[in-house]
Amino acid sequence: MNIRYGTPDEIPALLDFWVLAAEGTDRRDSPDKVAALLERDPQALLVAEIDGETVGTLIAGWDGWRAHLYRLAVHPGHRRKGIGSRLIKAAEERFARFGAFRADAMVLHDNDLARHAWKAAGYAVQPEWGRWVKPLAP
């Protein structure tokens, strides 16, 4: 397995991959938003592949202050093979180079598969904090 950075030319394929492999995918994903991510931080999107086939992704976003993890997705036919763990480790190594002292992961409450993967990687729910959101007009 190889882990590399995602590229702008593969954005349509990655959007399709997330529909297949990511639970609770934001239905407002768009090529423009992924392109903006890659333009701002070309190393934020980690892609795991086997024999040239995308089998996993993880967005490892660094805003200059905090380390955020999104879109951990593993192809259903390749789950339970350590791909998610390898992606998380690669993200943590990326964050360590920036001097980050903590990373947070966005995980849906009812996504048991993801919760297991994050727990196995040493992450835990932080009960004293909650995520507050406000939809913004398009």
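It should be noted that the structure appears before, not after, this text.
Computed from a prediction, not measured in an experiment: that's the story for all the values here.

## Notes on the sheet that holds strand β5 (residues 103–105)
Part 1 of the argument: Spatial ordering of the open sheet is given by β1-β2-β3-β4-β5, a layout of 5 strands whose pairing is mixed. Edge positions in the sheet fall to β1 (2–5) and β5, since each of these pairs with one other strand and no more. Strand-to-strand twist of the sheet, defined as the mean angle between neighbouring strand axes without regard to direction, takes the value 25 degrees.
Part 2 of the argument: Of the strand pairs in this sheet, strand β4 (residues 67–74) and β5 are connected by 3 bridges, and their pairing is parallel. Note that in β5 the partner of L69 across the bridge is A105.
Part 3 of the argument: Sheet contacts for helix α3 (residues 83–98): β1, β2 (45–50), β3 (53–62), β4 and β5; angle to β3, the most-contacted strand, approximately 30 degrees.

## A short note on the side chain of H68
Part 1 of the argument: Locating H68 in the fold gives a position in strand β4.
Part 2 of the argument: The buried category is assigned to H68, whose relative accessible area is 18%.
Part 3 of the argument: Separated by 3.3 Å, the side chains of H68 and D63 make a polar contact.
Part 4 of the argument: In terms of polar contacts, H68 uses its side chain to reach the side chain of D104, at 2.9 Å.
Part 5 of the argument: Apart from residues lying up to four places away in sequence, H68 is in contact with I59, A60, G61, D63, F95 and D104.

## Quick look at unusual backbone geometry
Part 1 of the argument: Its identity as a non-glycine residue notwithstanding, D51 has a phi of 50 degrees, on the positive side.
Part 2 of the argument: Mapped onto the fold, D51 is located in the loop between β2 and β3.
Part 3 of the argument: For D51, a relative accessible area of 80% corresponds to the exposed category.
Part 4 of the argument: Of note in this structure, R80 is not a glycine but carries a positive phi near 65 degrees.
Part 5 of the argument: Inspection of the secondary structure puts R80 in the loop between β4 and α3.
Part 6 of the argument: Residue classification places R80 among the exposed residues on the basis of a relative accessible area of 74%.

## Considering the pattern of salt bridges
Part 1 of the argument: Taken as a whole, this structure holds 4 salt bridges when the rule is applied.
Part 2 of the argument: Taking the shortest distance from any N to any O, the salt bridge between E49 and R4 comes out at 3.1 Å. You can see E49 sitting in strand β2 and its partner R4 sitting in strand β1, a full 45 residues away along the chain.
Part 3 of the argument: Given a relative accessible area of 16%, E49 falls into the buried group.
Part 4 of the argument: Ionic pairing is found between K89 and E93, a salt bridge with its closest N-O pair at 2.8 Å. Of this pair, K89 and E93 are both found in helix α3, 4 residues apart, which corresponds to roughly one turn of the helix.
Part 5 of the argument: Take K89: its relative accessible area is 49%, and that puts it in the partly exposed class.
Part 6 of the argument: What emerges from the salt-bridge pattern is a single network uniting R4, E10 and E49.

## Considerations on the side chain of H78
Part 1 of the argument: Tracing the chain through its elements places H78 in the loop between β4 and α3.
Part 2 of the argument: Within the structure, H78 has its side chain in polar contact with the side chain of K81 (distance 3.4 Å).
Part 3 of the argument: H78 has contacts with I50, E53, V55 and I83, leaving out every residue within four places of it along the chain.

About the criteria used
- Numbering of residues begins from 1 in every chain and follows the order in which that chain's sequence is written.
- With pLDDT at 70 or above as the cut-off, local features in this predicted model cover only qualifying residues; side-chain atom pairs require 80 or more to be listed or tallied, and sums for whole chains, interfaces and linings still use all residues.
- Where side-chain values are given, they derive from all heavy atoms of the structure, hydrogens and water being excluded.
- Note on pairing: two strands pair once DSSP finds at least 2 bridges between them.
- Under the DSSP-based scheme used, a helix requires at least four consecutive residues in state H or I and a strand at least two consecutive residues in state E, with every element numbered from the N terminus.
- Note on definitions: angles span 0 to 180 degrees between N-to-C directions of axes, and those axes are lines fitted to C-alpha atoms, for helices only across the stretch in contact.
- In this description, contact between two residues means that some pair of their heavy atoms is separated by no more than 4.5 Å.
- Exposed residues in this analysis have more than 50% of their type's maximum accessible area, buried residues have under 20%, and partly exposed residues fall in between, with area computed by a 1.4 Å probe over protein chains only.
- Pairing of N or O atoms within 3.5 Å defines a polar contact, subject to two protein rules: one partner must be a possible hydrogen donor and the other a possible acceptor, and residues neighboring in sequence count only if both atoms are side-chain atoms.
- Put simply, a salt bridge is a Lys or Arg side-chain nitrogen that is within 4 Å of an Asp or Glu carboxyl oxygen.

Note that every value here comes from positions in space, so none of it alone points to a role or purpose.
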